Amino acid sequence: FFPTAAPRAMQAALQQVEMHCSAELERYAACVDGHSGTWLVDCDPLKSQLNACASSYSGLVEAIKSRCKPQIDQYERCLKANPARPETCTGKLEALGDCTEGREAQRLVAQQQQQPNR
């Protein structure tokens with residue numbers, strides 16, 4: 001997803017999602033790979049399932065969604081406008097990554113790393 005190394009908070013959130021929601025993540029990724037021009041519409045139900053799983057297992061994901069909602073919305077709007085060329089949205093994705101690295105996000109990462117896995 002990130003053109004360079006993912007920011008620390010985003011990487012921690014992705015690790016939590018991979019740990020708890022690997023089946024949903026695999027199904028969504030396979031759908032995106034198989035529907036290059038129409039993935040935003042065709043894979044939306046799988047995206048919803050992945051989001052629900054991530055929300056239920058990762059407090060960090062929820063915190064990022066809340067804190068970075070404007071950046072998430074801008075990135076998703078860009079993807080919808082450019083479904084065949086998601087690389088067009090790299091700047092929006094980098095802005096989202098920057099948002100995840102704020103002081104509050106770093107505190108949440110430290111808290112999540114101290115808690116045992118669910």
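The structure under discussion appears in the preceding block.
These lines cover the structure that appears in this document, whether it is placed above or below. Predicted, not measured: the structure shown is a model, and the values here were computed from it.

## Some remarks on helix H7 (residues 90-100)
Right, so step 1: For H7, every residue scored as buried is listed here: Leu93, Leu96, Gly97, Cys99 and Thr100. Relative to the axis of H7, the buried residues are bounded by an arc of 160 degrees and lie together on one face.

## Description of the state of the cysteines
Right, so step 1: Summed over all chains, the structure comprises four disulfides.
Right, so step 2: Between the sulfur atoms of Cys68 and its disulfide mate Cys99 the distance is 2.1 Å. Its S-S torsion of approximately -95 degrees makes the covalent link between Cys68 and Cys99 left-handed. You can see Cys68 sitting in the loop between helix H5 (59-67) and helix H6 (69-81) and its partner Cys99 sitting in helix H7, a full 31 residues away along the chain.
Right, so step 3: For Cys99, a relative accessible area of 10% corresponds to the buried category.

## Some details on the nonpolar core
Right, so step 1: In terms of nonpolar packing, the biggest core is built from 26 residues, with Val17, Trp39, Ile64, Cys68, Leu79 and Leu96 touching the most fellow members.
Right, so step 2: Those elements giving two or more residues to this core turn out to be helix H1 (8-20), helix H2 (22-34), helix H3 (39-42), helix H4 (44-57), H5, H6 and H7.
Right, so step 3: The greatest single-element share of this core, amounting to five residues, is contributed by H1.
Right, so step 4: Residues in contact with Val17, not counting those within four places in the same chain, are Ser22, Leu50, Ala54 and Val61.

## Thoughts on H1
Right, so step 1: Over its 13 residues, H1 runs 19 Å from end to end, which matches the ideal 18 Å to within 8%, given 1.5 Å per residue.
Right, so step 2: By the burial criterion, the buried members of H1 are Ala9, Met10, Ala12, Ala13, Gln16, Val17 and His20. Take H1 and look down its axis: the buried residues cluster within an arc of 165 degrees, on one side only.

## A short note on the environment of Ala29
Right, so step 1: Residue placement: Ala29 occurs in helix H2.
Right, so step 2: Classification of Ala29 by relative accessible area gives partly exposed; the value is 34%.
Right, so step 3: Along the chain, Ala29 and Leu46 lie 17 residues apart, while their C-alpha atoms are 9.1 Å from each other.

So, how was this worked out
- Sequence positions are assigned chain by chain, starting from 1 and proceeding in written order.
- With the structure being a predicted model, the display of local features is reserved for residues of pLDDT at least 70 and the display and counting of side-chain atom pairs for 80 or more, all residues being used for whole-chain, interface and lining totals.
- The side-chain numbers reported here are obtained from all heavy atoms of the structure, hydrogens and water having been left aside.
- A simple rule labels every residue: compare its accessible area, found with a 1.4 Å probe on the protein chains alone, to the largest value its type can have, and call it buried under 20%, exposed over 50%, or partly exposed in between.
- Segments assigned H or I by DSSP are reported as helices when at least four residues long, segments assigned E as strands when at least two residues long, and all are numbered from the N terminus.
- Here, the arc refers to the directions that run from the helix axis to the C-beta atoms.
- Our working definition of a disulfide is a cysteine sulfur pair at a distance within 2.5 Å.
- Nine residue types can take part in a nonpolar core, namely buried Ala, Val, Leu, Ile, Met, Phe, Trp, Tyr and Cys, and a core is a set of them joined through side-chain atoms within 4.5 Å.
- It only takes one pair of heavy atoms within 4.5 Å for two residues to be counted as in contact.
- A helix's residues, less one, multiplied by 1.5 Å, set its expected span.

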